[in-house]
Amino acid sequence: AAPSCTESMILFLTLVLSAFPSSAKTAWMEPASFHLSLGMPASEAKKILAGQGWTLHNGKAETEHFVEYEQGKTVTLLFTKDRLASVRFEFVDFIPEVKAAFAEQRKALRHNYGLPVVRGKGTTLIYDRPELSIFAVLSTNPSDDFGKKGLGFFVVRYFVPAPLPAE
């Protein structure tokens, strides 16, 4: 039998609330928020996103796809050897909003991963571990095309580090 309207609404709310467990504005900027993990098969990542109602669009490269999360917010996935190698979260908005998002995400990253190995003038954070690397970059340059319009962007990229060359 088909689910009732109430059952459908409960299922919908459960899916939405479980996908984004935090009320933080940047909670969506983590692979786990989309039930993704680096290294998972491309087919599994695509199936998970489709199951959550997200539409994957082709990116600039054949191995790149993206999801339009909301206006000014995208999630870009890069697949290497049929595995999820990188998830990049991009946020474009007015400068005060992207600065606030960066500050919030800096706290979340510090809580989850400790201190970054690089902190560049308060606009770059780099976490570099053998199993995972994370780069977070804030741009609020008032002289570039975005900045002249009062806009900035904030990007967080989770990726599998390149293997070291064999000796």
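Everything quoted here is computed from the prediction, not taken from an experiment.

(A) Fine view of helix α2 (residues 42-51). Within α2, burial applies to Ala 42, Ala 45 and Leu 49. Around the axis of α2, the buried residues are gathered within 65 degrees of arc, so they sit on the same side. Among the exposed residues of α2, those oriented more than 90 degrees off its buried face are Ser 43, Lys 47, Ala 50 and Gly 51. Contacts made by the buried residues of α2 are with β2 (64-70), β3 (73-80) and β4 (83-94). One or two residues past the end of α2 sits Gly 53, with phi positive at roughly 90 degrees.

(B) A look at the environment of Glu 44. Inspection of the secondary structure assignment puts Glu 44 in helix α2. For Glu 44 and Leu 84, which are 40 residues apart along the polypeptide, the C-alpha to C-alpha distance reads 9.3 Å.

(C) Geometry of the confidence of the model for the protein. Per-residue pLDDT for the protein averages 85, and the proportion of residues at 70 or more is 83%. Taken together, the stretch residues 4-22 has pLDDT below 50 and engages in 10 contacts with residues farther than four places along the chain or on a different chain.

(D) Structural context of unusual backbone geometry. Despite not being glycine, His 35 shows a phi value in the positive range, around 60 degrees. The topology assignment puts His 35 in the loop between α1 (5-19) and α2. At Lys 81, a position not held by glycine, the phi torsion is positive, near 50 degrees. Tracing the backbone shows Lys 81 in the loop between β3 and β4.

(E) Highlighting the nonpolar core. Of all hydrophobic cores here, the largest spans 30 residues; its most connected members are Leu 36, Val 75, Phe 89 and Phe 154. Look past the residues within four positions of Leu 36 in its chain and what remains in contact with it is Pro 31, Ala 45, Ile 48, Leu 49, Leu 77 and Leu 84.

(F) Looking closely at the sheet that holds strand β7 (residues 133-139). An order of β1-β2-β3-β4-β8-β7-β6-β5 is seen for the 8 strands of this open sheet, with the pairing classed as antiparallel. Strands at the two margins of the open sheet, each flanked by one partner only, are β1 (57-58) and β5 (118-120). Two elements, β5 and strand β6 (residues 124-128), share 3 bridges in a ladder whose sense is antiparallel. Looking at the pairing, Arg 119 lines up with Leu 125 of β6. Contacting β4, β6, β7 and β8 (151-159), helix α3 (residues 95-113) crosses the sheet at an angle of about 25 degrees to β8.

(G) Fine view of the packing of aromatic side chains. For the coordinates displayed, the defined rule picks out 11 aromatic pairs. Taking 5.7 Å as the distance between ring centres and 55 degrees as the angle between the ring planes, the aromatic pair formed by Phe 34 and Trp 54 counts as tilted. Of this pair, Phe 34 sits in the loop between α1 and α2 while Trp 54 is found in the loop between α2 and β1, placing the two residues 20 residues apart along the sequence. Ring-pair connections join several aromatic residues into one group, and the members of that group are Trp 28, Phe 34, Trp 54, Tyr 69, Phe 89 and Tyr 158. The positively charged end of Lys 46 is found above the aromatic ring belonging to Phe 79, 5.2 Å away from the centroid. When the ring centre of Phe 159 is taken as reference, the NZ or CZ atom of Arg 157 above it lies at 4.1 Å.

Procedures and definitions
Residues numbered from 1 in each chain as written. Predicted model: local features only at pLDDT ≥ 70, side-chain atom pairs only at ≥ 80, totals over all residues. Heavy atoms only, no water. Buried < 20%, exposed > 50% of the residue type's maximum accessible area, 1.4 Å probe, protein only. Helix = DSSP H or I, 4+ residues; strand = E, 2+ residues; numbered from the N terminus. Arc of directions from axis to C-beta. Contact = heavy atoms within 4.5 Å. pLDDT = per-residue confidence, 0-100. Core = buried A, V, L, I, M, F, W, Y, C linked by side-chain atoms within 4.5 Å. Pairing = 2+ DSSP bridges. Axes fitted to C-alpha atoms, helices over the stretch in contact; angles between N-to-C directions. Phe/Tyr/Trp six-rings, centres within 6.5 Å; stacked < 30°, edge-to-face > 60°. Lys NZ or Arg CZ within 6 Å of the ring centre and 35° of its normal.

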